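# Observations on the three-dimensional arrangement
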Amino acid sequence: MNIQSHIITTLPVFKLEGAMKDVVKFFKETTYSHIAIVEDEKFLGVISENDMEVFDVSSKIEEYRFNLESVFVTVDTSWLDVLESFARNDANIVSVLDGNSLVVGYYLLTDIVTVFIDTPFFTEPGGILVIAKGVKDYSFSEIAQIVESNNTKLIGGFITDSRNDVIQVTLKIGASNLNEIIQTFRRYNYTILFGNNDDQFLEDLKERSDYLNKYLNV
């Protein structure tokens, strides 16, 4: 999936020799979590809005060189890994670098979430199953075989939790034969955590996404 068209180029990049007052002003006027700092045009790291209270507005950015965080993705990073970067760094904006460590722009969390919501996983009609099994015992090939052996299409699936050696997988499947598929998963010793055929689960996810977009755009 091509997400490079969502790179934002209108937001600033600050130079290491610049004034910290400009960074503070940026954070006060926006709701962004991070902003990129460069030296000789090359990416050095990002300053976090969470550190703003410790900034001396009369200082130079270079005085906070060791406060910079290495939070970035590249133009070749997949959209799933971009989403992971947002989550791992508690960020709503991520710097995007080219192969020469130059900042080409930023990804915004709201834009990438919208890309996710627009995938067939959300847009195609069907049912949702959330299943769980031991991390050493599950396989996606087996999951696909179980769904397709019941004459139903597997639209998509991804790992939504992993703890205590148990993997949780959320599946989107064609709307038919849901009960038969559930029974087959149980015969293969999968635990069924959620299963419905009316897409209420998707509606809940969309509502949460809408709330997230509204929150981030305040």
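As a starting point, this report considers the structure included with it. Please read all numbers here as calculations on a predicted model, not as lab measurements. (Residues numbered from 1 in each chain as written. Predicted model: local features only at pLDDT ≥ 70, side-chain atom pairs only at ≥ 80, totals over all residues. Heavy atoms only, no water.)

## Considerations on the overall build of the chain
Scanning the chain from terminus to terminus reveals seven helices and 10 strands. A total of 218 residues make up the chain; the buried ones form 43% of that total. Considering only contacts within the chain whose residues lie at least 6 apart along the sequence, 62% involve residues at least 24 apart. As displayed, the chain has an accessible area near 12100 Å², and 47% of this comes from carbon and sulfur atoms. (Helix = DSSP H or I, 4+ residues; strand = E, 2+ residues; numbered from the N terminus. Buried < 20%, exposed > 50% of the residue type's maximum accessible area, 1.4 Å probe, protein only. Contact = heavy atoms within 4.5 Å. Areas by Shrake-Rupley, 256 points an atom, 1.4 Å probe, with all protein chains shown as cover.)

## As for the pairing of strand S9 (residues 166-173)
The element S9 is largely enclosed, with a buried count of six among its eight residues. Following strand S8 (residues 154-163), the chain reverses through two residues before pairing antiparallel with S9; Asn-164 in that reversal takes a positive phi of roughly 50 degrees. (Pairing = 2+ DSSP bridges.)

## Description of the environment of Leu-97
Within the secondary structure layout, Leu-97 lies in strand S5 (residues 93-97). Considering only alpha carbons, one finds Leu-97 and Asp-76, 21 residues apart in sequence, at a separation of 9.1 Å. In this view, Leu-97 contacts Phe-43, Phe-72, Val-73, Thr-74, Val-75, Leu-102, Val-103 and Val-104; residues no more than four positions away in its chain are not counted.

## A word on the pattern of salt bridges
Under the defined criterion, the tally for this structure stands at six salt bridges. Between Glu-84 and Arg-88 there is a salt bridge whose closest N-O contact spans 3.2 Å. Within this pair, Glu-84 and its partner Arg-88 are both found in helix H2 (residues 79-88), separated by four residues, close to a single helical turn. Overall, the relative accessible area of 43% leaves Glu-84 in the partly exposed class. Classification of Arg-88 by relative accessible area gives exposed; the value is 56%. Salt-bridge contacts for Arg-163 lead to Asp-161; the nearest nitrogen and oxygen are separated by 3.0 Å. Using a relative accessible area of 54% as the deciding quantity, one classes Arg-163 as exposed. (Salt bridge = Lys/Arg side-chain N within 4 Å of Asp/Glu carboxyl O.)

## Some words on the environment of Val-115
Counting through the fold element by element, Val-115 comes out in helix H3 (residues 109-117). For Val-115, a relative accessible area of 11% puts it in the buried group. With 36 residues separating them along the chain, Val-115 and Trp-79 place their C-alpha atoms 8.5 Å apart.

## Some remarks on the sheet that holds strand S1 (residues 14-15)
Spatial ordering of the open sheet is given by S1-S2-S3, a layout of three strands whose pairing is mixed. Only two strands of the sheet have a single neighbouring strand rather than two, namely S1 and strand S3 (42-48). Pairing between S1 and strand S2 (residues 34-39): two bridges, direction parallel. When the bridges of S2 are listed, Lys-15 appears paired with Val-38. Where helix H1 (residues 20-29) meets the sheet, its contacts fall on S1, S2 and S3, and the angle it forms with S2 comes to roughly 155 degrees. (Axes fitted to C-alpha atoms, helices over the stretch in contact; angles between N-to-C directions.)

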